[in-house]
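Chain and residue survey
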Amino acid sequence: MLDIGGSGAVVVRLLLVTIRAMRPEDWPQVEQIYREGIDAGNATFESDPPTWDAFDAGKILDVRLVAVDGEQVLGWAAASPVSSRPVYRGVIEHSVYVADAAQGRGIGRELLGAFLEAAEAAGYWMVQSSIFPENTASMSLHEKLGFRAVGRREAIALMTYGPYQGQWRDTVLVEWRSAKQGR
């Protein structure tokens, strides 16, 4: 990636990551990254990561990705169907998480971009997510990759852990629509 800063200086940032399909043996590192997101308090209402079996059963196989540097997992993305009804077969809800130590390096952008390409290739026409409005990094990332906010869910659920424990929290529903699939 080439970045020309405001001073006119050329800054080159190299992303030395590979985006590939998530494997069962990646789970310990994926689970750790999931835990980091949970601990920060702005990633999910869940207070604990699922087991591998629960994750595996709930996530669509063809869009489970990890960003790796060698054998080190730096981030992951996965999705679940939003409905079992056939008319919604092309609509999925995704999650994307980046390890604390890897944030700010463009990994989220590369990972989410690859995820959207994989989703489109697999025939999904809409990708959605619910994001806490306080998670400005996630909101910005999604906006940069073509997601748009379609609504705010006010006080949708009660936070049961962490820095927001006992508070009813809002989420912003964002969506991305394929230019190749669907309408």
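Before going into details, it helps to say that this report is about the structure given with it. (Residues numbered from 1 in each chain as written. Predicted model: local features only at pLDDT ≥ 70, side-chain atom pairs only at ≥ 80, totals over all residues. Heavy atoms only, no water.)

**Notes on the overall build of the protein chain**
Counting its regular elements, the protein chain contains four helices and nine strands. Each helix and strand of the protein chain, ordered N terminal to C terminal, gives the series β-β-β-α-α-β-β-β-α-β-α-β-β. The C-alpha atoms of the protein chain give 17 Å as radius of gyration, which agrees with the globular expectation for 183 residues (16 Å, within 12%). Along the three orthogonal principal directions, the C-alpha set of the protein chain runs to about 50 × 40 × 35 Å. Expressed as a percentage of the 183 residues in the protein chain, the buried residues total 42%. A total accessible area of about 10100 Å² is found for the protein chain, and carbon and sulfur atoms account for 50% of it. Here the protein chain contributes 18 positive and 23 negative side-chain charges, whose respective centroids are spaced 8 Å apart. (Helix = DSSP H or I, 4+ residues; strand = E, 2+ residues; numbered from the N terminus. Rg over C-alpha atoms; globule rule 2.2 N^0.38 Å. Buried < 20%, exposed > 50% of the residue type's maximum accessible area, 1.4 Å probe, protein only. Areas by Shrake-Rupley, 256 points an atom, 1.4 Å probe, with all protein chains shown as cover. Lys, Arg positive; Asp, Glu negative; His and termini not counted. Charge placed at Lys NZ, Arg CZ, Asp CG, Glu CD.)

**Observations concerning the environment of Gln181**
Take Gln181: it is sitting in the segment after strand S9 (168–177). For Gln181, a relative accessible area of 26% puts it in the partly exposed group. Expressed as a C-alpha distance, the spacing of Gln181 and Tyr124, which sit 57 residues apart in the sequence, is 6.6 Å. Here Gln181 is in contact with Glu120, Gly123, Tyr124 and Trp125, once residues within four sequence places are set aside. (Contact = heavy atoms within 4.5 Å.)

**Some details on the nonpolar core**
Phe55, Val63, Trp76, Ile92, Phe115, Leu116 and Val127 are the most contacted members of the largest nonpolar core, which totals 47 residues. Of all the elements in the fold, those that place two or more residues in this core are helix H1 (27–40), helix H2 (52–58), strand S4 (65–69), strand S5 (72–81), strand S6 (91–98), helix H3 (107–121), strand S7 (126–131) and S9. With near-sequence residues (within four places) excluded, Leu116 lies in contact with Val127, Leu145, Phe147 and Trp176. (Core = buried A, V, L, I, M, F, W, Y, C linked by side-chain atoms within 4.5 Å.)

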